[in-house]
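# A structural walkthrough
Residue-level listing of the chains:
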Amino acid sequence: MKSDEASQMTGTRKSYLRIVKFWRLYRKNRAAVLGLVVVTGLSILALGAPLVTSFEPLRLVARPFQSPSSQHLMGTDHMGRDLFTDVLYGARTSLQIGFLAATTSVLIGTIVGALAGYYGSYKDEILMRITEVFQVVPRLFLALAAVAIVGPTVWNVIWVIGLTSWPTTARLVRAEFLSLRERPFVEASKGLGAGDIQVIWGEIFPNATSSIVVNSSFEVARAIVLEAGLSFLGLGDANVASWGRTLQEAQSYLQRAWWTSLFPGLFIALTVLGLNLIGDGLNDALNPRLRER
Amino acid sequence: MVGAIPLVFGVVVLTFILIHLTPGDVTTVIAGDAPLSVEQITEIRRSLGLDRPLYEQFVTYVLRILQGDLGYSYISRKSVLELILDRVGFTLVLTFAPMVLASISGIMLGVMASRNQYSLGDNAISAISIIGYSIPIFWLGHLLILVFALQLDWFPAQGLISLRVRLEGPALWLDMLRHLVLPATALGLLQLALVTRLTRSSMLESLTQDYITWARSKGLPERTITFKHALRNALLPVTTLVGYQFGYLLTGAVLTETVFAWPGLGRLLVDSVFLRDFPVLTGLLIFVSFIVIIGNLLTDIAYAFLDPRIRYG
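Residues numbered from 1 in each chain as written. Chains lettered and ligands numbered in written order. Predicted model: local features only at pLDDT ≥ 70, side-chain atom pairs only at ≥ 80, totals over all residues. Heavy atoms only, no water.

### A few points about the overall build of chain B
When its secondary structure is counted, chain B shows 13 helices and 0 strands. In sequence order, the secondary structure elements of chain B are arranged as α-α-α-α-α-α-α-α-α-α-α-α-α. Across chain B, every contact between residues at least 6 apart in sequence was considered, and the portion connecting residues at least 24 apart equals 74%. Of the roughly 16400 Å² that chain B leaves accessible, carbon and sulfur atoms contribute 67%. (Helix = DSSP H or I, 4+ residues; strand = E, 2+ residues; numbered from the N terminus. Contact = heavy atoms within 4.5 Å. Areas by Shrake-Rupley, 256 points an atom, 1.4 Å probe, with all protein chains shown as cover.)

See below:
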């Protein structure tokens, strides 16, 4: 009992030390720290939207086409909606869809990649053929068709992006599994009688997590861009604020109201940039091969 | 080559599944608001083969597509393949020129950045390329319109040709070219950022390899090492990117076309979505996937040329 506690203590201590070590490495990349600050800041703004703005999203609150002022920080659009409010609530939509869709796609991709890489032979062949099919159909085309069929609600968009975006992760995880399954520790654990599932999740998966984590950050960015593209083309949920749709509406009034395009676009770019910088930073900190360069 | 066949088949299966996910029935889409009698609906279903069992429908569907028949538009009644072929040229023009220009300059910028890692120039190139990579292309289009069309009035904001004046011959071509500049720039910048980013990291990787150290110790000039030894190896992943990302570029083209009212496939796609014109939608899906598959094949061939270790029998 006592030794159990002791080993648990060292376990916690160990993971604590690993986090400290990781943070030291991550912190070296200043751009990555900036990315973290940007994404954290945006998330706080998105969550605290009702505290930051006194208006409600998508409501007509003022005269249309007012340029940015102290009352309407980002001006108002063609219908007299407060742009600042819609951009803040749009952050909620984008981040929610981005994170949930990426979680879905990473989950599917990890399972497909793990099974293909671990079992190899014909199972690998079949799974990789399916993956390739999903890769040759351009994602926006596929997602557009799927959303058009199932209807543009937030949850449908999340599912569709998740179900169309997993191939990148699948290929990555498969490659990791292919190289890891030949290592001695896997042989050893098999020799000790571990079952397939135990070897896959208990032995190989923990060693593949760093590439999955790095990839996830880029996946969130990609999902956000895809969502923005879908709603820019008119396939977003009409009941929630969305950066893509605001940009679509801004298109007809570029000459008259530049701010209706500038601000939502800037927020998409900032979010995606932040996530990409985080991904780069994670890659530097977690990928030992490149670390000492 | 043989590997492409199951891919084409897979894409066809995928679109078939997609169509059959459609809630309700195509007949409701065709009928629109017109009140149809039960007999009329049965007749439509029969004419579309919807009354037959699913596997039979599937076989007919596959055979039809293999013969190059992508069906007919519900709305305009025209052949889907014709609709696509009418427009695909505009999309390819828009996609191809920026792809070539941006790839060449992206490789040069990437090499420049990698030669002096963490120098001011490298940091600037890296920063700009990651920013360029993060900007959504449709917003980039807006910015280009705002600055170069509306503010400076250097280029037209939208369309394929000027509608106010009648032009002929070379003047017409020049006018089209002027309309092409902004959308092509938007697409090109995206590609430039991607290629630069990848060339840089792949150059950095190959510069640390043993054979480079060996070349240095032989006393070869740094120029030769960079271009003949390192770049040749670093170009492999870049080739894959440029070739395999053709689908990504087509996606960018769709969005760019929407911003600049360019009459390519993008317009057809968006219209087919809103009119629920499913034959056009799935036809496009199959067609662009086919283009991507061809692009991938060409990439593999280019790869074999660049990498002496690979020889396809």
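### Quick notes on the overall build of chain A
A tally of helices and strands in chain A yields 13 helices and 0 strands. Traced from its N-terminal end to its C-terminal end, chain A shows the element sequence α-α-α-α-α-α-α-α-α-α-α-α-α. Each principal axis of the C-alpha distribution contributes one length, and for chain A these read about 75 × 45 × 40 Å. By residue count, 49% of the 293 residues in chain A fall in the buried class. In chain A, the share of contacts with a sequence separation of at least 24, taken over all contacts with a separation of at least 6, comes to 71%. Total accessible area on chain A stands at roughly 14000 Å², and carbon and sulfur atoms take up 61% of it. Here chain A holds 27 positive side-chain charges and 21 negative ones, and the gap between their average locations is 6 Å. (Buried < 20%, exposed > 50% of the residue type's maximum accessible area, 1.4 Å probe, protein only. Lys, Arg positive; Asp, Glu negative; His and termini not counted. Charge placed at Lys NZ, Arg CZ, Asp CG, Glu CD.)

### A word on unusual backbone geometry
Positive phi, close to 45°, is recorded for Ser121 of chain A, a residue that is not glycine. Looking at where Ser121 of chain A falls in the secondary structure, it is placed in helix 5 (residues 121–136). Here Ser121 of chain A falls in the exposed class, since its relative accessible area comes to 56%. Non-glycine residue Arg77 of chain B carries a positive phi angle of around 65°. One can find Arg77 of chain B in the loop between helix 4 (54–66) and helix 5 (80–115). Judged by relative accessible area, Arg77 of chain B falls into the exposed class, the value being 59%.

### Re the packing of helix 11 (residues 246–260) of chain B against helix 13 (residues 278–306) of chain B
Residues and elements named next belong to chain B. Put simply, helix 11 and helix 13 touch, their axes get as near as 9 Å, and they point 140° apart. For the element pair helix 11 / helix 13, the angle class is oblique. Counted together, Phe246, Gly247 and Leu250 of helix 11 and Val288, Ile291 and Val292 of helix 13 form the full contact between these two elements. (Axes fitted to C-alpha atoms, helices over the stretch in contact; angles between N-to-C directions. Parallel < 35°, antiparallel > 145°, perpendicular 65-115°, else oblique.)

### A closer look at the pattern of salt bridges
This structure, assessed with the given rule, holds 11 salt bridges over all chains. Where Arg181 of chain A meets Glu182 of chain A, a salt bridge forms, and the shortest distance between an N and an O atom there is 3.1 Å. Asp271 of chain B is paired through a salt bridge with Arg267 of chain B; the nearest N and O atoms lie 3.7 Å apart. Taken together, the positions of Asp271 of chain B and Arg267 of chain B, both in helix 12 (residues 265–274) and 4 residues apart, correspond to about one turn of that helix. (Salt bridge = Lys/Arg side-chain N within 4 Å of Asp/Glu carboxyl O.)

### With respect to the nonpolar core
Core analysis: the biggest nonpolar cluster contains 144 residues, and Ile161, Leu230 and Leu233 of chain A together with Ile84 and Phe138 of chain B have the highest contact counts within it. Sequence-distant contacts of Ile84 of chain B, that is, excluding residues within four places in its chain, are made with Leu70, Leu265, Leu268, Gly283, Leu284 and Phe287 of chain B. Core analysis: the second largest hydrophobic core is formed by 13 residues, Val106, Phe177, Val186 and Ala208 of chain A among them. (Core = buried A, V, L, I, M, F, W, Y, C linked by side-chain atoms within 4.5 Å.)

### Brief notes about helix 4 (residues 83–119) of chain A
Residues and elements named next belong to chain A. End to end, helix 4 covers 52 Å across 37 residues, agreeing with the expected 54 Å (1.5 Å per residue, within 8%). With 27 of its 37 residues buried, helix 4 lies for the most part within the structure. One or two residues past the end of helix 4 sits Gly120, with phi positive at roughly 60°. (Expected span 1.5 Å × (residues − 1).)

### Topic: the interface of chain A and chain B
Residue-level contacts link 41 residues of chain A with 49 residues of chain B. Overall, the association of chain A and chain B removes approximately 4100 Å² of surface from exposure, summing both partners, and the carbon and sulfur fraction of that is 76%. Counting across the chain A and chain B interface gives 1 salt bridge. In this structure, Arg197 of chain B and Asp280 of chain A form a salt bridge, with 3.0 Å as the shortest nitrogen-oxygen distance. (Buried area = accessible area lost by both parts, 1.4 Å probe.)

### So, helix 7 (residues 154–165) of chain A
Residues and elements named next belong to chain A. The terminal C-alpha atoms of helix 7 lie 16 Å apart, and with 12 residues this matches the ideal 16 Å at 1.5 Å per residue to within 8%. Where helix 7 is concerned, the buried positions are Val154, Val157, Ile158, Val160, Ile161, Gly162, Thr164 and Ser165. Tucked into the core, helix 7 has its buried residues touching helix 4, helix 6 (139–150), helix 8 (167–180) and helix 10 (196–232).

### Concerning the confidence of the model for chain B
Per-residue pLDDT for chain B has a mean of 80; in total, 90% of the residues score no lower than 70. Ranking the elements of chain B by mean pLDDT puts helix 2 (residues 26–31) of chain B last, at 62, and helix 12 of chain B first, at 87. (pLDDT = per-residue confidence, 0-100.)

### Focus: the packing of aromatic side chains
Going through the model one piece at a time under the given rule, you end up with 13 aromatic pairs over all chains. Plain terms: the ring middles of Phe16 of chain B and Tyr61 of chain B are 5.3 Å apart, the flat faces sit at 50° to each other, and that makes the pair tilted. Here Phe16 of chain B is found in helix 1 (residues 4–20), whereas its partner Tyr61 of chain B is found in helix 4, with 45 residues between them in sequence. We note that Phe16 of chain B, like Tyr61 of chain B, is buried. Through a chain of ring-to-ring contacts, the aromatic side chains of Phe9, Phe16, Phe58 and Tyr61 of chain B assemble into a single cluster. When the ring centre of Tyr119 of chain A is taken as origin, the NZ or CZ atom of Lys123 of chain A, which lies over that ring, is 4.3 Å away. The ring of Tyr133 of chain B has Arg197 of chain B lying over it, and the distance from NZ or CZ to the ring centre is 5.0 Å. (Phe/Tyr/Trp six-rings, centres within 6.5 Å; stacked < 30°, edge-to-face > 60°. Lys NZ or Arg CZ within 6 Å of the ring centre and 35° of its normal.)

### Some words on a nonpolar patch on the surface
Residue and element names in this part refer to chain A. On the surface, Leu107, Ile111, Leu115, Tyr119, Ile197 and Trp201 cluster together into a nonpolar patch covering about 580 Å² of accessible area. Among the elements of the structure, helix 4 and helix 10 are those that each provide at least two residues to the nonpolar patch. Considering every element that reaches the nonpolar patch, the biggest residue donor is helix 4, with 4 residues. Here Ile111 lies in helix 4. (Patch = residues over 30% accessible without salt bridge, like charges linked within 9 Å, V, L, I, M, F, W, Y side chains within 5 Å.)

### Overview of the side chain of Ser103 of chain B
All names here are of chain B. Relative to the helices and strands, Ser103 resides in helix 5. Look at Ser103 and you get buried, because its relative accessible area is 9%. Residues within four places of Ser103 in sequence aside, it is in contact with Pro98, Gln191, Val195 and Val242.

### Some details on the environment of Leu230 of chain A
Residue and element names in this part refer to chain A. Its place among the elements puts Leu230 in helix 10. The spatial distance from the C-alpha of Leu230 to the C-alpha of Gln66 is 27 Å, given a sequence separation of 164 residues. Dropping the residues within four chain positions of it, Leu230 is found in contact with Leu140, Ala143, Leu144, Val147, Val157, Ile161, Leu235 and Gly236.

### Let's talk about the environment of Gly132 of chain B
All names here are of chain B. Counting through the fold element by element, Gly132 comes out in helix 6 (residues 120–134). Residues Gly132 and Ile286, 154 residues apart in the sequence, show an inter-C-alpha distance of 30 Å. The contacts of Gly132, once residues within four sequence positions are left out, are Leu190 and Ala193.

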